[in-house]
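Summary of structural features
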Amino acid sequence: MAGTKNPNVIKWVDEMAALTKPDKIVWIDGSAEQLDALRKEAISSGEVTELNQEKLPGCLYHRTLPNDVARVEDRTFICSKEKIDAGPTNNWSDPQEMKEKLLPLYDGVMKGRTMYVIPYSMGPIGSALAKVGVEVTDSIYVVLNMEIMVRMGVKAFENLGDTSDDFVRGLHSKANVDPENRYIVHFPEENTIWSINSAYGGNVLLGKKCFALRIASFQGKNEGWMAEHMLILGIEKPNGEIKYVCAAFPSACGKTNLAMLIPPEGYEAKGYKVWTVGDDIAWLKPGADGKLYAINPENGFFGVAPGTNVKSNFNALESTKKNTIFTNVAINNDDNTVWWEGLDKNPPENATEWKGAKVNGKEYAAEGGKLAHPNSRFTAPAKNCPCISKEFDNPAGVPISAMVFGGRRAKTAPLVYQSFNWAHGVFVGSSMASETTAAAAGAVGVVRRDPMAMLPFCGYNMGDYWSHWLNMGEKLGENAPKIFNVNWFRTDDDGNFIWPGFGDNMRVLDWIISRCDSEVEAVETPIGFEPKPEDINIDGLDDINLDVIKGLLSVDKDLWKEEAKGIREFYSKFGDKLPSKLNDELIELEKRLA
Ligand code: OXD
Ligand code: MN
């Protein structure tokens, strides 16, 4: 039963079935009965296993093939009609040529399999900011994950109605999970995503990166809104007022941790609280009052497990205690629970590592083996999160006061600074960068530009994307959020982090919201407005005194001159698409540094 009369949906699903030739088609209605039956089927086929149902009720475990453990940027394409519209930061292929290449791979690929048709809404049902997608897939694992990550089922059709054609078409087949024929392809001008030969979340949960960032960023440009790789959090002040902040960081900068931050004791005693609206993606649109409102289009967290523990992120860990799917973590066979590096210091002796081998976990870890894959994940319902915002389901979204960019910089960027204005803030975001760490292969300390943390996720030319940002600022005028940059990762001469990070990042957020409320003054520097050192609250911090804060806020002009050169080189890739305003901002920065 289709659950919709919409002829556009029905026609497209018919076409996909004619192409992939499944034995059976199952429309996902979102009912508990149907999901229960699918869970049982996935358990009996071995696609997932049930974890300890007393300790982890409703939790399942899944293992992917070792060749299929992460997003594949080199096999991800933006197929706009014109190459220039994909821009220099995306892989591009002519849409027709790409279809000719992929159609034979899809032809009959679901023979002997069931095709699941998943209607879903990105964003709360009934929200003017929400959008509908339909994903067809031959993977129950995808259905079970989508159930957590999006608002799934016939209710999504309420937003679409009976005639609209405005839905994103997602075609996924795990096929043979063949890495040589793995493709993650976007046709932004056709609202269409094709994914084949992967069964890893980021490549197959098409609502997430593919739709909510790559396709949605393009839709947002055309329709006057923004799809950003940003967490959304609310900071409740002692008087009960809540200020909302969005923040973009490249991966491995602690985005989920910041989204679920627990304020230091002194703040909690005063009555401050932090509420999570989203940990990965924000859709932003001006409201009737002219302010910028954000929704989290997702309904769950697809978080990296390693490193998550009671201290680093209590709230994320709590979120995984029920109805969660774990992928590629290790199993503790003593009690059929899960383990990953950084959960605690006790790898289970009787373990199964992520590829499926039974090992003595203690010995394995002592020899440097990884029991969980470094990119192993939990898929957890947002409503499990102890600090989930009361506004999480609010169709109107939350008004954004500040936008924060950040990266991992050992010396260059100070702890925090504020942009002079919106256009300067866009410049700051466009030149965002992170330095490579010893954790990744290759040279340490190499600067990688990742504008607005959108490098792998912008579905069109990044130059046009920056123009769109600049236009949004003009439209918002006085109501535009203030833009900031933070860096939690400054190191001392021995390479140790100076700033404690985690919950103590609240101290920086405190300054940020005080600036938004014009409650605190700032110091003008060549790169932006900085706090007066005494305005960063260091009460209760043992190792940090005013001099340390001064150091964290220092701006080394020589390093920044190098930085400006790096930005100029990066900008040169964009040719005519680089907005002249950003070039002007760079020239102004160079003048201020001279
Ligand atoms: C993610 C990512 O998985 O940004 O969220 O890579
Ligand atoms: Mn992300």
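Residues numbered from 1 in each chain as written. Chains lettered and ligands numbered in written order. Predicted model: local features only at pLDDT ≥ 70, side-chain atom pairs only at ≥ 80, totals over all residues. Heavy atoms only, no water.

Under the counting rule described, the total for this entry stands at 24 aromatic pairs. Measuring from ring centre to ring centre gives 6.2 Å for Phe218 and Tyr460, while their planes differ by 65°; the resulting arrangement is edge-to-face. One end of the pair, Phe218, is in helix H7 (residues 207-223); the other, Tyr460, is in the loop between strand E28 (447-449) and helix H13 (462-476), and 242 residues separate them in sequence. With a relative accessible area of 15%, Phe218 lands in the buried category. Look at Phe405 and Trp469: their rings are 5.8 Å apart centre to centre, the planes differ by 50°, and that puts the pair in the tilted class. Linking Phe405 in strand E25 (residues 398-406) with Trp469 in helix H13, this pair joins segments that are 64 residues apart in sequence. When sorted by exposure, Phe405 lands in the same class as Trp469, which is buried. Three or more aromatic residues joined by ring pairs form one cluster here, namely Phe427, Trp466, Phe570, Tyr571 and Phe574. The positively charged end of Lys99 is found above the aromatic ring belonging to Phe187, 4.9 Å away from the centroid. Taking NZ or CZ as reference, Arg408 lies 4.1 Å from the ring centre of Phe489, over its face. (Phe/Tyr/Trp six-rings, centres within 6.5 Å; stacked < 30°, edge-to-face > 60°. Helix = DSSP H or I, 4+ residues; strand = E, 2+ residues; numbered from the N terminus. Buried < 20%, exposed > 50% of the residue type's maximum accessible area, 1.4 Å probe, protein only. Lys NZ or Arg CZ within 6 Å of the ring centre and 35° of its normal.)

Quick look at the site of ligand 1 now. Every residue lining ligand 1 is accounted for by Arg71, Lys209, His229, Asp280, Arg377 and Phe457. Here an oxygen atom of ligand 1 and a side-chain polar atom of Asp280 are 3.3 Å apart. Within the side chain of Arg377, an N or O atom sits 3.1 Å from an oxygen atom of ligand 1. For ligand 1, whose free accessible area comes to 210 Å², the fraction covered by protein is 83%. (Near = heavy atom within 4 Å. Polar contact = N/O pair within 3.5 Å; in protein donor to acceptor, adjacent residues only side chain to side chain. Areas by Shrake-Rupley, 256 points an atom, 1.4 Å probe, with all protein chains shown as cover.)

Turning to the sheet that holds strand E24 (residues 377-381), a few remarks are in order. Hydrogen bonds between backbone atoms are what pair the strands of a sheet, whose relative direction is either parallel or antiparallel. Strand order in this open sheet of five strands is E2-E3-E19-E24-E18, and the pairing throughout is mixed. The open sheet is flanked by strand E2 (49-50) and strand E18 (300-304), the only strands paired with a single partner. Across three bridges, strand E19 (residues 325-327) lies against E24 in antiparallel orientation. Within the sheet, the bridge partner assigned to Phe326 lies in E24 and is Phe378. (Pairing = 2+ DSSP bridges.)

Quick look at the coordination of the manganese ion (ligand 2) now. Around the manganese ion (ligand 2), the protein contributes the donor atoms Lys209 (NZ), His229 (NE2) and Asp280 (OD), which lie 2.1 to 2.2 Å from the metal centre. Of note, the manganese ion (ligand 2) draws all its donor residues from one chain, in the sequence arrangement K-x19-H-x50-D. Linking Lys209 in helix H7 with Asp280 in the loop between strand E15 (273-278) and strand E16 (282-286), this pair joins segments that are 71 residues apart in sequence. Considered together, Lys209 and Asp280 belong to a single accessibility category, that of buried residues. (Donors = N, O, S within 2.8 Å, 3.2 Å for Na, K, Ca; no water.)

As a further point, take the domain arrangement of the protein. Where the parts come together, the accessible area they lose is often given as the size of the interface. Domain boundaries assigned for the protein yield domain 1 (7-46 + 72-224), domain 2 (228-297 + 390-593) and domain 3 (301-384). Domain 1 and domain 3 are separated by 28 Å when their C-alpha centres are compared. Across the boundary between the two partners, domain 1 contributes ten residues, which contact ten residues of domain 3. Here domain 1 meets domain 3 over a buried area of about 780 Å², counting both sides, of which 68% is carbon and sulfur. It is Tyr141, Ile148 and Tyr200 in domain 1 that bury the most area against domain 3; as a group they hold 59% of the surface buried on that side. Across the contact surface, domain 1 and domain 3 share zero salt bridges. On inspection of domain 1 and its partner domain 3, the count reaches four residue pairs in polar contact (both at pLDDT 80 or more). Listing elements by their share of the side of domain 1 that touches domain 3, those giving two or more residues are helix H4 (140-149) and helix H6 (201-204). Broken down by element, the side of domain 1 that touches domain 3 gets its largest block of residues, five residues, from H4. (Domains from an automatic or database assignment. Contact = heavy atoms within 4.5 Å. Buried area = accessible area lost by both parts, 1.4 Å probe. Salt bridge = Lys/Arg side-chain N within 4 Å of Asp/Glu carboxyl O.)

At Val177, a residue that is not glycine, the phi angle is positive and equals roughly 50°. Within the fold, Val177 resides in the loop between strand E9 (167-173) and strand E10 (183-187). Of the residues examined, Val177 reaches a relative accessible area of 13% and is grouped as buried. The backbone of Asn191 sits at a positive phi, close to 50°, despite the residue not being glycine. Locating Asn191 in the fold gives a position in the loop between E10 and strand E11 (192-196). Overall, the relative accessible area of 16% leaves Asn191 in the buried class.

What follows is about the pattern of salt bridges. The final tally for this structure, using the stated rule, is 37 salt bridges. For Lys243, the salt bridge goes to Asp517, with nearest N and O atoms at 2.8 Å. A residue pair is termed long-range when its members are at least 10 positions apart, and Lys243 in strand E14 (residues 242-248) and Asp517 in the loop between helix H14 (506-516) and strand E30 (522-525) qualify at 274 residues. With relative accessibility at 22%, the residue Asp517 sits in the partly exposed group. Put simply, Glu588 and Lys591 hold a salt bridge, and the shortest N to O gap is 3.2 Å. Taken together, the residues span about one helical turn, with Glu588 and Lys591 both in helix H17 (residues 580-593) at a distance of three residues.

Attention now goes to a negative patch on the surface. Together, Asp334, Glu349, Glu363 and Glu367 make up a region of like negative charge exposed at the surface. Tracing the chain through its elements places Glu367 in the loop between helix H11 (361-366) and E24. (Patch = residues over 30% accessible without salt bridge, like charges linked within 9 Å, V, L, I, M, F, W, Y side chains within 5 Å. Lys, Arg positive; Asp, Glu negative; His and termini not counted. Charge placed at Lys NZ, Arg CZ, Asp CG, Glu CD.)

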